[in-house]
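# Structural features, examined
This is what each chain is made of:
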Amino acid sequence: MPRKPESQIVLVFQGGGALGAYQGEVYEQLAAHGFQADWVVGTSIGAINAALIAGNPPERRLQPWLNAGGRFDTVTRGVPGFFVPRRNGLLNIDQPVPTQDASFYDTSPLLATLEELVDFDHLNEGPVRCTVCAVEVASGELKVFDSRKERLSALHIMASGPSGLSAHHAQGPGLLGR
């Protein structure tokens, strides 16, 4: 795609599970026509899509989408590699729990999936800038994590979605080895 030297192509992906699949298909069609983004920005499932794009060379960006199955199966068993129901989550609804456990689903399987599908060295050092947004649970403040300003990891991507991780956990010194 010819463009002016001073211009950038920026893709912005919002959250919402169904939108994530749509974004993947749109990106697949754009890539098939030679489209290359300079910067990807995302929140929630959009952050995952942004990480897949920025964290891989063009030939590895399009990952096969797994069929999550029917709604009941998804609710009762989760989606492999993404989330699973928390044990006794519905039974303990009135119990005080740490923030990271205050959800019906455990998204810890997503950590391994992101580490398998995203090359975080490429994401942080490659040609496509990646920015993800998260909300700090305690304050309600928007936190912006940008690969041109700090080293991003799977924890940053997970903090952007319904992972139970807060933005504070993603930038904590013990988790990122700062």
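What counts and what doesn't
Residues numbered from 1 in each chain as written. Predicted model: local features only at pLDDT ≥ 70, side-chain atom pairs only at ≥ 80, totals over all residues. Heavy atoms only, no water. Helix = DSSP H or I, 4+ residues; strand = E, 2+ residues; numbered from the N terminus. Areas by Shrake-Rupley, 256 points an atom, 1.4 Å probe, with all protein chains shown as cover. Buried < 20%, exposed > 50% of the residue type's maximum accessible area, 1.4 Å probe, protein only. Contact = heavy atoms within 4.5 Å. Phe/Tyr/Trp six-rings, centres within 6.5 Å; stacked < 30°, edge-to-face > 60°. Lys NZ or Arg CZ within 6 Å of the ring centre and 35° of its normal. Axes fitted to C-alpha atoms, helices over the stretch in contact; angles between N-to-C directions. Parallel < 35°, antiparallel > 145°, perpendicular 65-115°, else oblique. Left-handed = near helix turned anticlockwise from the far one by under 90°. Nonpolar A, V, L, I, M, F, W, Y, C, P; charged D, E, K, R; others polar. pLDDT = per-residue confidence, 0-100. Pairing = 2+ DSSP bridges. Salt bridge = Lys/Arg side-chain N within 4 Å of Asp/Glu carboxyl O.

### Observations regarding the overall build of the protein chain
Secondary structure assignment for the protein chain yields eight helices and six strands. Of the roughly 10,600 Å² of accessible surface on the protein chain, a fraction of 58% belongs to carbon and sulfur atoms.

### Thoughts on the environment of Gln 23
Residue placement: Gln 23 occurs in helix H1 (residues 17–32). Since its relative accessible area comes to 7%, Gln 23 is described here as buried. Filtering out sequence-adjacent residues up to four positions away, Gln 23 remains in contact with Phe 13, Gln 14, Ile 45, Gly 46 and Asn 49.

### Quick notes on the packing of aromatic side chains
Enumeration according to the criterion identifies zero aromatic pairs in this entry. The ring of Trp 39 carries the charged tip of Arg 129 above its face, separated from the ring centre by 3.8 Å.

### Observations concerning the packing of H1 against helix H2 (residues 45–54)
Where H1 contacts H2, the two axes come as close as 8 Å, and the packing angle between them is 25°. Put simply, H1 runs roughly parallel to H2. The two elements H1 and H2 meet at a crossing, and its hand is right-handed. Of the residues in H2, those in contact with Gly 17, Gly 20, Gln 23, Gly 24 and Tyr 27 of H1 are Ile 45, Gly 46, Asn 49 and Ile 53. Looking at the contact of H1 with H2 residue by residue, the classes come out as three nonpolar, six polar and no charged.

### Focus on the side chain of Ser 147
Mapped onto the elements of the fold, Ser 147 is located in the loop between strand S6 (142–146) and helix H6 (154–160). Residue class for Ser 147 comes out buried when judged on its relative accessible area of 7%. If sequence neighbours within four positions are ignored, Ser 147 has contacts with Leu 123, Asn 124, Val 128, Arg 129, Cys 130 and Leu 152.

### Let's talk about the confidence of the model for the protein chain
Looking at the protein chain, the pLDDT average stands at 77 and 64% of residues meet or exceed 70. Here residues 65–72 is modelled with pLDDT under 50, and outside its nearest four sequence neighbours on either side it reaches eight contacts, counting other chains as well. Contacts for the low-pLDDT stretch residues 173–178, under 50 throughout, to residues beyond four places or in other chains number 10 contacts.

### Thoughts on the pairing of strand S5 (residues 129–135)
On a regular strand, one side chain projects to one face of the sheet and the next to the other, so that they alternate. A large share of S5 lies buried, amounting to six of its seven residues. Two strands pair when backbone bridges link them, and strand S2 (residues 39–42) and S5 are joined in this way by four bridges, in the parallel orientation. Across the sheet, residue Gly 42 finds its bridge partner in S5, namely Val 132. Relative to S6, S5 is paired through five bridges, and the arrangement is antiparallel. For Val 135, the partnering residue across the bridge sits in S6 and is Leu 142.

### What about the sheet that holds S5?
Read across the sheet, four strands follow the order S1-S2-S5-S6 without closing on themselves; strand pairing throughout is mixed. If you trace the sheet from one side to the other, it starts and ends with strand S1 (10–13) and S6, each paired once. Between one strand axis and the next, the sheet turns by 15° as a mean value, whatever way the strands run.

### Some points on the pattern of salt bridges
Counted according to the given criterion, the structure contains three salt bridges. The partner of Arg 151 in a salt bridge is Asp 121, with the nearest N and O atoms 2.3 Å apart. Taken together, the residues span a long stretch of sequence, with Arg 151 in the loop between S6 and H6 and Asp 121 in helix H5 (residues 120–125) at a distance of 30 residues. Under the relative-accessibility criterion, Asp 121 is labelled partly exposed at 44%. Taking the shortest distance from any N to any O, the salt bridge between Asp 146 and Arg 129 comes out at 2.4 Å.

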